[in-house]
Amino acid sequence: MTRTPNTKHLPFSETISDLISYTYAHAPYFKFLLDSNHLNPNDFSTPADLEKIPVTHKDDLIRLQAENPPFGGWLAQPVSQLRRIFLSPGPIFDPEGDTDDFWHFEKALRLAGFREGDVVQNTFSYHMTPGGFMLDAGLRKIGCVVFPAGVGNTDLQVKAALSQNITGYTGTPSYLMAILKRAEEMGIHPKKELHYRVALVTGEPLPPSLRREFQEDYGISVFQVYATADIGCAGFECTQQEGWHVSDQTLVQICDPATGKECPPGETGEIVVTHFNATYPLIRFGTGDLSFFMKEPCPCGDASPRLGGYKGRVGEGVKVKGMFVHPSQVWDVLKKIPCVKDFQILVTRTGHKDILTYQLIAAETGCEGRTDEIEEALKSVVKVYGNVKWVHAFEIPDRRVIDVRKWE
């Protein structure tokens, strides 16, 4: 269930062997990876041959970039040729090449119903992380007018949507609902007085009940896209809204997290992406997200492979409110606070809102008095607000992350 992407705009042809040869010649870490596994570019001619290459996981990028800045040896072009450099939680640096719609969101947005002249409220962050610019570039490629709203200031977001006749939304589904609910609290009828027509959401799962609520109660058609800060758009919904069509800029494999071997269609495994990208050609990149390939062809007629939605995570990182929270990053903050002995990350969900809690065990008395200070220190690094809860012991020991959210 893999296919060769459309890569005619790249400085190599659309074959696996040429992608491997190009990356081997230009990305130092990939050369090291093949050499250390006694492989060379001549060993690759089909997608199946990619299994010879070990999977590089998202958590590996944190280590590789720390050891070999700025991009861990994966960058295949000079830094001087980049348009932007971003910093995502981890920390992980993400390069943006100097091309329009570098992250390949245009097709996903068009299929969702965004059109030239739409005024679109983009609520992904423009600060350090790439989310805001990812959607911004795709929207501008279509000809939309972008309101770069970013995160927060919900009252102002409602007022802008009302006064500017905003017709589109991009962001997480939970924040779209927060805007609509806040409008109601402000005495504004969202369906009658606001003009939202279409939304493209990502960063967290979209439960069917929430999608129905957007459509039936507010008249908003909501489409979902699968994306990562490292790759950009890797999968998107068509008008059938039955799974994610794999982007033609990526080759996706569903792999056993333990062995890296491809799983049969219908079996759940880790999404492993090979990115046909001249700037940052990540090959066999393990996203940490779980999904499966759908067996039946899509009724829309597009024969591309389809992912069957989000089925959980592997690895240590957990996504909360559209942002990754890494235990290593949390510990980097807490180890500087002597009164904290141990920690555990708890993620719950009330309604359509994620709740992040840091369960801390104190090393000495009086720690509770530093709760506000610790919460602010964590937020400044992790970029997601979480509550600190002091406990004497963990209910579920020997695990750093406890994610009890349920998705339909």
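None of the values given here were measured: they were computed from a predicted structure.

## With respect to a nonpolar patch on the surface
In step 1: Together, Val79, Ile85 and Phe93 give the surface a local cluster of nonpolar side chains, amounting to about 240 Å² of exposed area.
In step 2: Relative to the assigned elements, Ile85 resides in strand S2 (residues 82-88).

## A few points about empty space enclosed by the protein
In step 1: Applying the stated criterion across every chain, the model contains 1 cavity of 30 Å³ or more.
In step 2: Roughly 190 Å³ of internal volume is contained in the largest cavity.
In step 3: With 4 residues, the single largest contributor to the lining of the largest cavity is strand S8 (residues 221-228).
In step 4: Residues belonging to the lining of the largest cavity are distributed by class as follows: 7 nonpolar, 3 polar and 5 charged.

## A look at the pattern of salt bridges
In step 1: All told, the structure shown has 21 salt bridges when counted by the stated rule.
In step 2: Of the charged contacts in the structure, one is a salt bridge between Asp49 and Lys52, with a shortest N-O distance of 3.8 Å.
In step 3: Asp49 gets classed as buried once you look at its relative accessible area, which sits at 16%.
In step 4: Judged by relative accessible area, which is 40%, Lys52 ranks as partly exposed.

## Details of the sheet that holds strand S19 (residues 387-390)
In step 1: Taken in spatial order, the 4 strands of this open sheet run S19-S18-S17-S20, and their pairing is mixed. At either end of the open sheet lies a strand with only one pairing partner, and these are S19 and strand S20 (401-403). When the angles between neighbouring strand axes are averaged without regard to direction, this sheet yields 25°.
In step 2: With 10 bridges connecting them, strand S17 (residues 340-350) and strand S18 (residues 353-362) associate as antiparallel partners. Across the sheet, Asp342 pairs through a bridge with Ile361, a residue of S18.

## Describing helix H7 (residues 173-185)
In step 1: Taking 1.5 Å per residue, 13 residues should reach 18 Å; H7 reaches 19 Å between its end C-alpha atoms and fits that length.
In step 2: If you check which residues of H7 are buried, you get Pro173, Ser174, Tyr175, Leu176, Met177, Ile179, Leu180 and Ala183.
In step 3: Gly187 occupies a position one or two residues after H7 and carries a positive phi of about 85°.

Each value, and the rule that gives it
- Residues numbered from 1 in each chain as written.
- Predicted model: local features only at pLDDT ≥ 70, side-chain atom pairs only at ≥ 80, totals over all residues.
- Heavy atoms only, no water.
- Patch = residues over 30% accessible without salt bridge, like charges linked within 9 Å, V, L, I, M, F, W, Y side chains within 5 Å.
- Areas by Shrake-Rupley, 256 points an atom, 1.4 Å probe, with all protein chains shown as cover.
- Salt bridge = Lys/Arg side-chain N within 4 Å of Asp/Glu carboxyl O.
- Helix = DSSP H or I, 4+ residues; strand = E, 2+ residues; numbered from the N terminus.
- 1 Å grid on protein atoms, 1.4 Å probe; cavity = no way out; pocket = protein on both sides within 12 Å on 5 of 7 lines; lining within 4 Å.
- Points joined across faces, edges and corners; volume = space filled by probe spheres on them.
- Nonpolar A, V, L, I, M, F, W, Y, C, P; charged D, E, K, R; others polar.
- Buried < 20%, exposed > 50% of the residue type's maximum accessible area, 1.4 Å probe, protein only.
- Pairing = 2+ DSSP bridges.
- Axes fitted to C-alpha atoms, helices over the stretch in contact; angles between N-to-C directions.
- Expected span 1.5 Å × (residues − 1).

Limitation: the analysis is restricted to geometry and does not speak to function.
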